[in-house]
Amino acid sequence: MVNGDGAHEHTEETDSKQDGNGEADGGEESNEQEVIVIQDTGFTVKIQAPGTEPFDLQVSPQEMVQEIHQVLMDREDTCHRTCFSLQLDGNVLDNFAELKSIEGLQEGSVLKVVEEPYTVREARIHVRHIRDLLKSLDPSDAYNGVDCNSLSFLSIFTDGDLGETGKRKKKGNEMEQIDCTPPEHILPGSKERPLVPLQPQNKDWKPMQCLKVLTMSGWNPPPGNRKMHGDLMYLYIVTVEERHVSVTASTRGFYLNQSTTYTFNPKPANPSFLSHSLVELLSQISPAFKKNFTALQKKRVQRHPFERIATPFQVYSWTAPQVDHAMDCVRAEDAYTSRLGYEEHIPGQTRDWNEELQTTRELPRKNLPERLLRERAIFKVHSDFAAAATRGAMAVIDGNVMAINPGEETRMQMFIWNNIFFSLGFDVRDHYRELGGDAAAHAAPTNDLNGVRAYSGVDVEGLYTLGTVVVDYRGYRVTAQSIIPGILEREQEQSVIYGSIDFGKTVVSHGKYLELLEKTSRPLKVQRHSVLNEKNDTVELCSSVECKGIIGNDGRHYILDLLRTFPPDLNFLPVDGVELSPECQRLGFPASVCCCLTLLLFLVFLFRYLLFMKMAALQLMQHKANRDSNKTDTPAITETSETLTESKGPLEGKELEESIPGLAQAKELAETLVAEDGSSIDPKSREVVLNACKAVGSISDTAFDIRFNPDIFSPGVRFPEESADDIQKQKQLLKDAAAFLVSCQVPTLVRHHDHVKLPDEGLCVAKVMKAQVRIGITELITRCAKHIFKTYLQGVELSALSAAVSHFLNCFLSSFPDAVAHLPPDELVSRRKNRKRRNRVPGGGDNTAWASLTPSELWKNIASEAQMSTKLWRNLILIKEYNFDSRHKPAFTEEDILNIFPVVKHVNPKATDAFHFFQSGQAKVQQGFLKEGCELINEALNLFNNVYGAMHVEICSCLRLLARLNYILGDHPEALSNQQKAVLMSERVLGIEHPNTIQEYMHLALYCFANNQLSTALKLLYRARYLMLLICGEDHPEMALLDSNIGLVLHGVMEYDLSLRFLENALTINTKYHGPRSLKVALSHHLVARVYESKAEFRSALQHEKEGYTIYKNQMGEAHEKTKESSEYLKYLTQQAVALQRTMNEIYKNGSNASIMPLKFTAPSMATILDQLNIINGIIFIPLSPKDLENLKAEVQRRQQLQELGKGEEPAEDRSLELEDKIPID
């Protein structure tokens, strides 16, 4: 793992620099010390709240007082309070003060909760909070994609929290209690794909009604005379007992008034039930509220925290049940007031997004605590900005925002909302006419976002990018950007002081920008280069000409329009007069705005680096050989380069690396050249490096340094005559990169797709490739349909949206040949009336062309789109059973389309220190130091939590790896607990049917089995199989692994017939996708044989084991351990079969007088099944002899010395081997 090791070294390097000592081990120590500073020991305080018993609360010195507020607002007994202060010895604590800065606060201190007077803002927050508490078990916000709520169904399959059940339930040993039969639609071979089980109904979600209505009264706002009596606002409430009441929110709290629906009488009722909290008031007037609210809160706090915490970014579901629309005062207020996002919590109302985004980047980052604070601030502001930008983009497309240029055509309009600038993805000024017009303009924002990601990732001090979010909604692409201060007050020509505004005709440069961009050129592999402007003057750039530099009124240096940050991919961009490699020509692609992916550039870089090292090594060896034999002539370096490039692909370079003896000297030489001025190195060695640099296209003669010119092949860009040679080299480098992708990287990816060699026979290869191609074709069809759907939706006005979407889905998915759009006559009338109104929708879609689409026309379009060649749409459809096979009626009606959601792309800010710890942990695990790896990954988890909060996809990866390590180290309950969190988090942040979620379910099932929770393990595996069937279908290579898991667990609970169905299906799929000689197929044969053995069907068992044995023998040779194991098992099966036959013969011969020897029918032991589960899931424990142990320890020590880890040798001896002298290979 190049990445893992590199990251580990990088972490140590940076930390040692921070501490001012150059030793690597010192760096690691300092890192740990810094972390200890963060996680200072906590202490306990006593909280005393009105009406409840005092209770203890564990707090950390780094927490703010605000966080204790949040805890109290979440606790069951204090959740109904929002307007209070915390006081220590009569002094009010500042909400934003850190606990460690509060004088006198220590272990055992008593904090009093003191009720404070309300303001209008506090009263609104209180009502909003009560509404959230009443809706806390209601999934409707998750279905509607609101307030970062999302769905999770794990608890339905685990009957609550697994952490406790692990200790409580021991059903595993009581076989009769386990119901193993899966639903019919989950069994192999079933053609049913029901949709309803995707979202099983949780019994806790059944409405526990506390109130019938809670809404704002029509008498708001209070008149002036009542304001002077302290009235803040009025509420209208209907209790479950049908009591209609009006409530006044006043500065002192809530009380009943005498108003009715049609009569205003704000005087207090008798009795008024004045209470500081609305919950206390309602509990007095409604017994049903008191009873149900208490029960509701009990259920709320019993749920796992990960089911309740908001996600950092909104996750949208694509299915939802039909739910009754309920009255909701908070949602109504959000929709019809000028509330723009989160501003009621922030002084000054609308947020200056640009200032917030840039200020957080300017925070200090000298040590770990500062970096954590900075990254947390960046992440928080960014997630808020993404939410606000999404909301604004939807408002723009729905026509709810006034354009800043309303006189222009709708496609050309731009918008400002909530201090965010919005533009549409159309080619309005013919910028992209040569490159594909609107299609290119649609692709450009994604490339721009990739550029923003790249420059944000490099994070150079003094260089600023704009907050950027790309939103696809209703067929339109909207780019949302933060606004550079002062840019709207001047023309673009005056603002731009670096780059070009007309595709390279006029180009300007600026010394400060060159200095800042020079710092990014090495990490981004961008070459500094010169271009000609309109006066034929040479202008120096360190980015593409498209990149514009603007100094804002705040004095900051901004760069924008980063769509050509990386050079074009020539496979997609044919250029006149440029001959590509034969492979590239054979696989011609259409022109478009396309850039090389950063990953491809990195792979080209890596490949060239390996090549550079090999050439230098070979030449050094040749020099040495020449010296030894007194020869002087040296073969040309180019010959070696050709042989090397032909011999190996990039991913196979490691084997070659080990076979070249001079490689270590070459590395040492290269490092010395970089580290020093090179004066101490002899001319011969310098010549070696110079030749190697020339051969691989390095821009430096003394060190390996490959960079790409992003303006190569850009239309309209001219280069000076004197740089013609360099330009030619750059063009060649780019052509090589294009060829490398097609001829080397893609084939390598296909070859290594499954980590096993494909079978030799042409027929089998054809079968395997055909199966793989089927998956690719499905993907291609879906993407083409998305492209067509995008333009299809642009012609649809809002009133016909559900009809248009259902019609498209019928044409695409239904078997009904005559799909006709449903156009109600009244809607046609309204459409005619509306035709006169301009600017209804961007793109001006008042036509009904969508209704004329037919299935045959759509599939014709898909076919032509497929020849020419992204998630572009996300609909919410009703969750019910659809009949796609009926030829008599369409599958969808407009009532089935419940909503349409945006697809949002944005920058993902990284927790860099946490990520380095995570990679270092991975590296340690790969070296065999499991406990050390576990500690590092635990540390990474703490740091991730510090930056991202509790929910994030990277925390999910961390938890998954921790669970795996806990499992390998034998701590099965801890593995279960961590994996449960990983599943919940994956469901919440990625989606309930995401491929990662399915994987997480499988891992959790394994750990449940290891914890003897067999019933739960099966439920989880059945859920995973259902999701796989729904998303991929049964004919998919991953289904084999899932079926093997299910088959093994069923074998363990002695459900042999069911087990065989799943295991034989796994065997069929493995054979289809990996070929009949694959090692996976051999393992499948063995698993099937074991079940047949348990059934005493020895003939079938022998047949399967023989197949497995043949594969092992052919692939690995007779001496291999696997072949020997299979051979032994075959002998055992033969003995059993012979014994059984003898017994049967005896019975036939002597009848009831036969003397029968007892036969061994052994039920499989749980340990054996667990071993098999480990093997198929990639966890292999290798038993070692004492001699092997000694050799391994010596090898570990040798490697440590090589890596110069210094002090790590001592723990290596006792930490590298776990689990009774077995080492795991994961």
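Placed above this text is the structure.
Since the model is a prediction, treat every value here as computed from it, not as a measurement. (Residues numbered from 1 in each chain as written. Predicted model: local features only at pLDDT ≥ 70, side-chain atom pairs only at ≥ 80, totals over all residues. Heavy atoms only, no water.)

## Description of the overall build of the protein
From N to C terminus, the protein includes 42 helices and 25 strands. Relative to its full complement of 1226 residues, the protein shows a buried share of 51%. For the protein, the computed accessible surface area is about 58400 Å², with 53% contributed by carbon and sulfur atoms. (Helix = DSSP H or I, 4+ residues; strand = E, 2+ residues; numbered from the N terminus. Buried < 20%, exposed > 50% of the residue type's maximum accessible area, 1.4 Å probe, protein only. Areas by Shrake-Rupley, 256 points an atom, 1.4 Å probe, with all protein chains shown as cover.)

## Overview of the pattern of salt bridges
Tallying each qualifying case throughout the model produces 48 salt bridges. Lysine 46 is the partner of aspartate 56 in a salt bridge, and the nearest nitrogen-oxygen pair spans 3.2 Å. Taken together, the positions of aspartate 56 in strand E2 (residues 55-59) and lysine 46 in strand E1 (residues 43-48) put the pair ten residues apart, joining distant regions of the chain. Overall, lysine 46 belongs to the partly exposed group, its relative accessible area being 34%. For arginine 361, the salt bridge is made with aspartate 459, and the minimal N-O distance between the two is 3.2 Å. Here arginine 361, found in helix H13 (residues 353-361), pairs with aspartate 459, found in the loop between helix H15 (438-458) and strand E13 (463-465); they are 98 residues apart in sequence, far enough to count as distant. One connected set of salt bridges, linked through shared partners, spans Glu518, Arg522, Arg528, Glu540, Asp705 and Arg707. (Salt bridge = Lys/Arg side-chain N within 4 Å of Asp/Glu carboxyl O.)

## Quick word on the pairing of strand E3 (residues 84-88)
Of all the five residues making up E3, five are buried; the element is thus mostly covered by neighbouring parts of the structure. Across the two faces of E3 the burial is the same, with Phe84, Leu86 and Leu88 and Ser85 and Gln87 all buried. Of the strand pairs in this sheet, E3 and strand E5 (residues 110-115) are connected by four bridges, and their pairing is antiparallel. Along E5, the bridge assignment pairs phenylalanine 84 with glutamate 115. (Pairing = 2+ DSSP bridges.)

## Notes on the sheet that holds strand E14 (residues 468-473)
Strand pairing in a sheet takes place through backbone hydrogen bonds and is either antiparallel or parallel in direction. Ordered by their spatial adjacency, five strands build an open sheet running E11-E12-E15-E14-E23, and the pairing between neighbours is antiparallel. The outermost strands of the open sheet, each flanked by one partner alone, are strand E11 (414-417) and strand E23 (903-906). Sheet twist, expressed as the mean angle between neighbouring strand axes with direction ignored, is 20 degrees. Where E11 and strand E12 (residues 420-424) come together, four bridges link them in antiparallel fashion. Paired with isoleucine 416 across the strands is phenylalanine 421, a residue of E12. Across the sheet, H15 is in contact with E14, strand E15 (476-482) and E23; its angle to E15 comes to roughly 35 degrees. (Axes fitted to C-alpha atoms, helices over the stretch in contact; angles between N-to-C directions. Contact = heavy atoms within 4.5 Å.)

## So, helix H35 (residues 1037-1052)
Between its terminal C-alpha atoms H35 stretches 24 Å, which fits the 22 Å expected from 16 residues at 1.5 Å a residue. For H35, the tally of buried residues reaches 14 of 16 residues, placing the bulk of the element in the interior. Note on H35: the residue one or two positions beyond its end, methionine 1054, has a positive phi of about 65 degrees. (Expected span 1.5 Å × (residues − 1).)

## A closer look at the side chain of glutamate 987
Of note, glutamate 987 is situated in helix H32 (residues 972-989). Here glutamate 987 sits buried without a salt bridge, and the closest side chain of opposite charge, arginine 1023, lies 4.9 Å off (N-O distance). In this structure glutamate 987 touches Leu151, Ser152, Phe153, Leu154, Ile992, Thr997 and Tyr1001, once residues within four positions along its chain are discounted. (Lys, Arg positive; Asp, Glu negative; His and termini not counted.)

## A word on the packing of H35 against helix H36 (residues 1056-1074)
The geometry of a pair of packed helices is captured by two quantities: the angle between their axes and the separation between those axes. In contact at an axis separation of 8 Å, H35 and H36 are set at 155 degrees when each is read in the N-to-C sense. In terms of their interaxial angle, H35 and H36 are classed as roughly antiparallel. Every pair of crossing elements has a handedness; the one defined by H35 and H36 is left-handed. Between H35 and H36, the residues in contact are Pro1037, Met1039, Ala1040, Asp1043, Ser1044, Ile1046, Gly1047, Leu1048, Leu1050 and His1051 and Tyr1056, Leu1058, Ser1059, Phe1062, Leu1063, Asn1065, Ala1066, Ile1069, Asn1070 and Tyr1073, respectively. (Parallel < 35°, antiparallel > 145°, perpendicular 65-115°, else oblique. Left-handed = near helix turned anticlockwise from the far one by under 90°.)

## Overview of the pairing of strand E8 (residues 244-250)
Buried residues dominate E8, accounting for six of its seven residues. Direction of pairing for strand E7 (residues 231-239) relative to E8: antiparallel, over a ladder of seven bridges. Looking at the pairing, tyrosine 236 lines up with serine 246 of E8. Here E7 folds back onto E8, and the loop between the two strands holds four residues, one of which, glutamate 242, carries a positive phi near 65 degrees. Pairing analysis gives five bridges linking E8 to strand E9 (residues 253-257), with the strands arranged antiparallel. Among the inter-strand pairings, valine 247 is bridged to a residue of E9, identified as leucine 256. Between E8 and E9, which follow one another and run antiparallel, lie two residues.

## Describing the nonpolar core
Across soluble globular proteins, nonpolar side chains have a tendency to be buried as a group. Counting residues in hydrophobic clusters, the biggest one holds 173 residues, and the most contacted among them are Phe422, Trp850, Phe944, Leu1050 and Leu1173. Ranked by residue count, the leading element in this core is helix H14 (residues 368-397), at twelve residues. Formed by 57 residues, the second largest nonpolar core is a distinct cluster that contains Tyr498, Cys547, Met613 and Cys693. (Core = buried A, V, L, I, M, F, W, Y, C linked by side-chain atoms within 4.5 Å.)

## A look at the sheet that holds strand E6 (residues 211-216)
Taking strand neighbours across the sheet as the criterion, the four strands line up as E6-E7-E8-E9 in an open arrangement whose pairing is antiparallel. The sheet terminates laterally at E6 and E9, the two strands that pair on one side only. Within this sheet the neighbouring strands show an average axis-to-axis angle of 30 degrees, counted without direction. Bridge count between E6 and E7: five bridges; the pairing is antiparallel. Residue leucine 211 lies in a different strand from E7, and its bridge partner there is threonine 239. Docked against the sheet, helix H9 (residues 278-285) engages E6, E7, E8 and E9, running at close to 35 degrees with respect to E9.

## A few points about the packing of aromatic side chains
As enumerated under the stated definition, the model contains 26 aromatic pairs in all. Look at tryptophan 219 and phenylalanine 264: their rings are 5.4 Å apart centre to centre, the planes differ by 40 degrees, and that puts the pair in the tilted class. With tryptophan 219 in the loop between E6 and helix H8 (224-227) and phenylalanine 264 in the loop between E9 and H9, this pair connects stretches of sequence that are 45 residues apart. For tryptophan 219, a relative accessible area of 29% translates into the label partly exposed. (Phe/Tyr/Trp six-rings, centres within 6.5 Å; stacked < 30°, edge-to-face > 60°.)

## Some remarks on the side chain of glutamine 979
Positionally, glutamine 979 belongs in helix H32. Beyond its immediate stretch of four places on either side in the chain, glutamine 979 contacts Arg960, Ala963, Glu1000, His1003, Leu1004 and Tyr1007.

## Things to note about helix H23 (residues 683-696)
Taking 1.5 Å of rise per residue, the 14 residues of H23 would be expected to cover 20 Å, and the 20 Å separating its terminal C-alpha atoms lies within 8% of that figure. Listed as buried for H23 are Ser685, Val688, Val689, Asn691, Ala692, Cys693 and Val696.

## As for the environment of serine 799
Looking at where serine 799 falls in the secondary structure, it is placed in the loop between helix H25 (762-794) and helix H26 (801-813). A polar contact of 2.9 Å, which involves the side chain of serine 799, links it to the side chain of glutamate 797. (Polar contact = N/O pair within 3.5 Å; in protein donor to acceptor, adjacent residues only side chain to side chain.)

## Some remarks on the state of the cysteines
Overall, the coordinates contain zero disulfides when judged by the stated rule. In this structure cysteine 547 is a free cysteine whose sulfur lies 9.8 Å from that of cysteine 542, the closest cysteine sulfur available. In this model cysteine 958 remains outside any disulfide bridge; the closest cysteine sulfur is found in cysteine 956, 9.9 Å from its own. (Disulfide = S-S within 2.5 Å.)

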